[in-house]
Amino acid sequence: MNPIYEKLKTCYDDVRRKTDFVPEIALVLGSGLGSFADNIEVEGVIDYRDIEGFPISTAPGHVGQFIYGTIEGKKIICMKGRVHYYEGYPISDVVLPVRLMHLMGANILFLTNASGGINSDFSPGDFMMLTDHISSFVPNPLVGENIPELGVRFPDMTHVYDLELCDRIRESAAESGINLKEGTYIQTTGPSYESPAEIRMFKTLGADAVGMSTVVEAIAAHHAGMRVCGVSCITNYAAGIDGKKLGEQEVIDAGKASAPLFKKLVTNAIKRF
Ligand code: HPA
């Protein structure tokens with residue numbers, strides 16, 4: 001068997017020894033947004049470190065737990081803490097959790113993250129719904145022998161972000177009184193923040209926000225046939241825009257400050273899914 005698929009199966013079998021929970025929706029919580037999990041009627045928690053073979057997340061602001069239960073009557077599994085490429089894991093490990101939640105039964109993937117705003121209409125505290133992405137600066141998670149159990153060799157990426165789910169998020173923003181921004185998210189490897197020259201380049205390429213996650217997860221999920229959507233919390237102006245230095249604490253604090261509105265946006269969207 002393909003070693004990447006074998007590892008996924010090992011994790012899945014181990015999860016199935018712990019729970020028979022079948023989620024409808026998978027939600028990945030970005031930096032500072034982990035408190036969303038407090039909204040869930042929790043059925044169970046699994047620490048990443050207790051899953052055989054699972055890559056452990058070490059990023060600041062990331063706990064490292066699957067939390068599953070119900071929200072708005074929907075069965076949901078949440079990742080409190082994701083796996084980042086900059087932590088040194090192979091890209092296949094970075095997308096393993098998303099594939100695992102899909103194997104458990106989730107058909108919808110809701111991705112969230114913190115990002116730097118590139119678009120001059122964006123300010124810290126804004127939310128940007130992802131309508132497209134640029135993956136060209138990170139390894140593609142599908143490189144290597146294709147895993148036909150998951151998806152096809154050459155998956156289309158025209159509509160990664162599900163049009164209906166995007167509509168539901170727009171409705172949720174209107175109901176929650178949020179001026180939702182929309183745009184293209186670009187993923188970098190990190191862990192260094194971008195230079196001002198890189199941000200100018202990304203702007204020229206059509207990116208509206210930049211961060212160190214999400215796109216590879218969206219590609220793997222779309223490959224596997226999941227319906228994907230995503231919202232980014234703009235925590236800061238991207239490098240060089242306001243001349244201020246960037247730091248992880250600022251990103252986490254800004255994410256936390258946005259958490260109440262973010263909870264509203266996500267909860268109202270999930271209700272409509
Ligand atoms: N760059 C990259 N990742 C980020 C940023 C940023 O400006 N803000 C939050 N995550």
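Before any of the text, the structure's been laid out above.
Residues numbered from 1 in each chain as written. Predicted model: local features only at pLDDT ≥ 70, side-chain atom pairs only at ≥ 80, totals over all residues. Heavy atoms only, no water.

1. A word on the pattern of salt bridges
It is possible for side chains of opposite charge to pair when their charged atoms get near one another. All told, the structure shown has 15 salt bridges when counted by the stated rule. The shortest N-O distance in the salt bridge between E217 and R82 comes to 3.1 Å. Within this pair, whereas E217 is found in helix α6 (residues 215–223), its partner R82 is found in the loop between β4 (74–80) and α2 (91–94), the two being separated by 135 residues in sequence. Residue classification places E217 among the buried positions, given a relative accessible area of 2%. Here R168 makes a salt bridge to E171, at a shortest N to O gap of 3.1 Å. With R168 and E171 both in helix α4 (residues 163–176) and three residues apart, this pair spans about one turn of that helix. Salt bridges here are not isolated pairs; linked through shared partners, they connect R168, E171, E175, K271 and R272. (Salt bridge = Lys/Arg side-chain N within 4 Å of Asp/Glu carboxyl O. Helix = DSSP H or I, 4+ residues; strand = E, 2+ residues; numbered from the N terminus. Buried < 20%, exposed > 50% of the residue type's maximum accessible area, 1.4 Å probe, protein only.)

2. Quick word on the nonpolar core
Here is a general trend for soluble globular proteins: nonpolar side chains tend to be buried in one another's company. F66, L109, F110, I169 and F273 are the most contacted members of the largest nonpolar core, which totals 71 residues. With sequence-adjacent residues up to four places away left out, I169 is seen in contact with F110, M129, L180, C229, V231, L265, A269 and F273. I118, I186, I199 and A207 belong to the second largest nonpolar core, which has nine residues in total. (Core = buried A, V, L, I, M, F, W, Y, C linked by side-chain atoms within 4.5 Å. Contact = heavy atoms within 4.5 Å.)

3. Some remarks on the environment of D162
Mapped onto the elements of the fold, D162 is located in the loop between β6 (127–134) and α4. Taking the C-alpha atoms as reference points, D162 and A238, 76 residues apart in sequence, are found 27 Å from one another.

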